[in-house]
Amino acid sequence: MTHHDAGHGAGHDGRSGVRVEPEWGRTRDGEPVARWVLDDGTVRVGLLEHGARIQSVLAPDRDGAAADVVLGFAELEPYETKGRSFGATIGRFANRIAGGTFTLDGRTSSIPVTDRGNAIHGGANPYSQRLWTAHEVPGACGVRFSLLSPDGDEGFPGALSVHVQYVLIDGALVVETSATTDAPTVLNLTNHAYWNLAGEGSGTVEAHLLQVDAAAFLPVDPTGVPTGERWPVAGTPFDFTEPVPVGYRLRDGEQAGDEQLQRGSGFDHCFVLADVPGGEREPSRAARVQDPVSGRTLEVWTDQPGLQVFSGGTLAGTLTGKAGAAYGPRTGLALEAQAFPDAPNHPGFPTTVLREGDEFRSVTEFRFGAS
């Protein structure tokens, strides 16, 4: 199933390049899981074939000292149980589908519901729990993961061929996704990394300065599903049009009894970047985060229409990360570039329909720096 043909591209100095750990772990079924490491001499990224996921990102601070800035685990077991979404490629449909049902071309599909009566992140056996085939990207510091999702997979129509390619270049992790189908279907792919620029396990992200390049967000009902409205961020705790500490906005909202923050256990909302489907515009900056102590920065650039900002309010301290610290509330910040949640049930949202003969293509970049 898995192909390990990693080498060292031209010009690699032995430290940078691509390498593979063929048996980093084994699934509960005994299948070997490889870990791929990308190193461009500045940033080093660990990727797992299980869930085509980001397992680690070592990035330098303003003094050049590296820390692992993505939440994750040192062994496979948590990725198969309570930490399934950590760093993973989420699909076939990221985020929520109300009631687990949608109708496409007169055909109603039912997806297993796993969150307050809704389908979330692809159903009961989502892409985050699959073993993806991996190949090194020729001539680049990158790995390409591939998956065949059969017709009827978790209730979704159409057989889908999916590819997720990670390339590390000049301190930026470029994530390109593509997919084709043999029958009409819906598709929403994202990456669910939790970021902590002070280093995973170092505490909360409340002091992180967050800027989101969006003038509106999608309010949600009590089960976390968008109502279909677009609300302006101005004058609300959701206003990140200028850099502001995440904790300030959370405290402001809590003191004001903000209903939306209560429904999301903090921020768990999609910010409106554009009103066109993913891949129909050039990537632009969606967000910038800075840890003021280390100086580390992260910019998210994407061609997707939405950015789900999740402040980790439901992290309960039941999982222990790579540094040996428990991941409690707000210890990571997820910035998920994606289509609008529940789009198949909202004709006014950018479409997530993919038809046979068409190809879905999208790009999201995580640009690391320090200042």
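Everything in this summary refers to the structure shown in the same document. Worth saying up front: this structure is predicted, and the values here are computed from it rather than measured. (Residues numbered from 1 in each chain as written. Predicted model: local features only at pLDDT ≥ 70, side-chain atom pairs only at ≥ 80, totals over all residues. Heavy atoms only, no water.)

Notes on the overall build of the protein
If you tally the helices and strands in the protein, you get three helices and 28 strands. Here the protein has a C-alpha radius of gyration of 19 Å; the compact-globule value for 371 residues is 21 Å, and the two agree. Principal-axis analysis of the C-alpha atoms places the extent of the protein at approximately 50 × 50 × 40 Å. Residue pairs in contact within the protein that sit at least 24 positions apart in sequence constitute 66% of those at least 6 positions apart. Approximately 13800 Å² of the protein is accessible, and the part contributed by carbon and sulfur atoms is 49%. Across the protein, the 29 positively charged side chains and the 48 negatively charged ones have centroids separated by 3 Å. (Helix = DSSP H or I, 4+ residues; strand = E, 2+ residues; numbered from the N terminus. Rg over C-alpha atoms; globule rule 2.2 N^0.38 Å. Contact = heavy atoms within 4.5 Å. Areas by Shrake-Rupley, 256 points an atom, 1.4 Å probe, with all protein chains shown as cover. Lys, Arg positive; Asp, Glu negative; His and termini not counted. Charge placed at Lys NZ, Arg CZ, Asp CG, Glu CD.)

Things to note about unusual backbone geometry
Arg92 follows Gly91 through a cis peptide bond whose omega is 5 degrees. With respect to the helices and strands, Arg92 occurs in the loop between strand 6 (89-90) and strand 7 (96-97). Residues other than glycine seldom take positive phi values, yet Asp170 does so here, at roughly 55 degrees. Position of Asp170 relative to the elements: it lies in the loop between strand 13 (160-169) and strand 14 (172-181). By relative accessible area, which is 75% here, Asp170 ends up exposed. Even without a glycine there, the phi angle at Asp342 is positive, about 55 degrees. As for its position among the elements, Asp342 is in the loop between strand 26 (333-338) and strand 27 (353-354). Here Asp342 falls in the buried class, since its relative accessible area comes to 2%. (Buried < 20%, exposed > 50% of the residue type's maximum accessible area, 1.4 Å probe, protein only.)

Notes on the environment of Arg92
Arg92 gets classed as buried once you look at its relative accessible area, which sits at 1%. Taking the C-alpha atoms as reference points, Arg92 and Ala119, separated by 27 residues in sequence, lie 11 Å from one another. Looking at Arg92, its side chain comes within polar contact range of the side chain of Ser149, at 2.8 Å. Engagement of the side chain of Arg92 in a polar contact is seen with the backbone oxygen of Gly158, the distance being 2.9 Å. (Polar contact = N/O pair within 3.5 Å; in protein donor to acceptor, adjacent residues only side chain to side chain.)

Examining the packing of aromatic side chains
This model, assessed by the stated rule, comprises 18 aromatic pairs. With a centroid separation of 5.9 Å and an interplanar angle of 85 degrees, the aromatic rings of Phe145 and Tyr166 are classed as edge-to-face. Here Phe145, found in strand 12 (residues 142-149), pairs with Tyr166, found in strand 13; they are 21 residues apart in sequence, far enough to count as distant. Tyr166 carries the same exposure label as Phe145, and that label is buried. Arranged with centres 5.3 Å apart and planes meeting at 70 degrees, the rings of Phe240 and Phe267 form a pair that is edge-to-face. Here Phe240, found in the loop between strand 20 (231-232) and strand 21 (244-245), pairs with Phe267, found in the loop between helix 3 (259-263) and strand 22 (268-272); they are 27 residues apart in sequence, far enough to count as distant. Classification of Phe240 by relative accessible area gives buried; the value is 1%. (Phe/Tyr/Trp six-rings, centres within 6.5 Å; stacked < 30°, edge-to-face > 60°.)

Things to note about the nonpolar core
Counting 62 residues, the largest nonpolar core has Leu38, Leu173, Leu307 and Phe368 as the members making the most contacts within it. Looking at this core, the element that brings in the most residues is strand 13, giving five residues. Ignoring any residue separated from it by four or fewer positions in sequence, one finds Leu173 in contact with Leu38, Val45, Ile54, Tyr166, Val167, Leu168, Thr364, Glu365, Phe366 and Phe368. Within the second largest apolar cluster, 15 residues are counted, among which are Phe102, Leu104, Ala216 and Val272. (Core = buried A, V, L, I, M, F, W, Y, C linked by side-chain atoms within 4.5 Å.)

Concerning the pairing of strand 9 (residues 107-110)
Sheet topology places strand 8 (residues 101-104) next to strand 9; four bridges connect them, and they run antiparallel. Bridge pairing in strand 9 places Thr103 opposite Thr108. Here strand 8 folds back onto strand 9 in antiparallel fashion, the turn holding two residues, of which Asp105 has a positive phi close to 55 degrees. (Pairing = 2+ DSSP bridges.)

Examining the environment of Leu38
Position of Leu38 relative to the elements: it lies in strand 2 (residues 32-39). Residue class for Leu38 comes out buried when judged on its relative accessible area of 0%. Considered as a pair, Leu38 and Ser16 are 22 residues apart in the sequence and their alpha carbons are 7.4 Å apart. Apart from the residues within four sequence positions on either side, Leu38 is in contact with Gly17, Val18, Val43, Arg44, Val45, Leu47, Cys141, Gly142, Val143, Tyr166, Leu168 and Leu173.

Digging into the pairing of strand 25 (residues 306-310)
Buried residues dominate strand 25, accounting for five of its five residues. Residue alternation in strand 25 divides its side chains into two sets, Gly306, Gln308 and Phe310 and Leu307 and Val309, and both sets are buried. Note that strand 22 and strand 25 share five bridges and pair antiparallel. Residue pairing in the sheet places Phe271 in a bridge with Leu307 of strand 25. Relative to strand 26, strand 25 runs antiparallel, the two being bridged by five bridges. Bridge pairing links Val309 to Leu335 in strand 26.

Brief notes about the side chain of Arg130
With respect to the helices and strands, Arg130 occurs in the loop between strand 10 (119-120) and strand 11 (133-136). Judged by relative accessible area, which is 13%, Arg130 ranks as buried. In this structure the side chain of Arg130 is engaged in a polar contact, spanning 2.8 Å, whose partner is the side chain of Asp153. Those residues in contact with Arg130, other than ones at most four positions away along the chain, are Glu49, His50, Gly51, Asn125, Leu147, Asp153 and Glu154.

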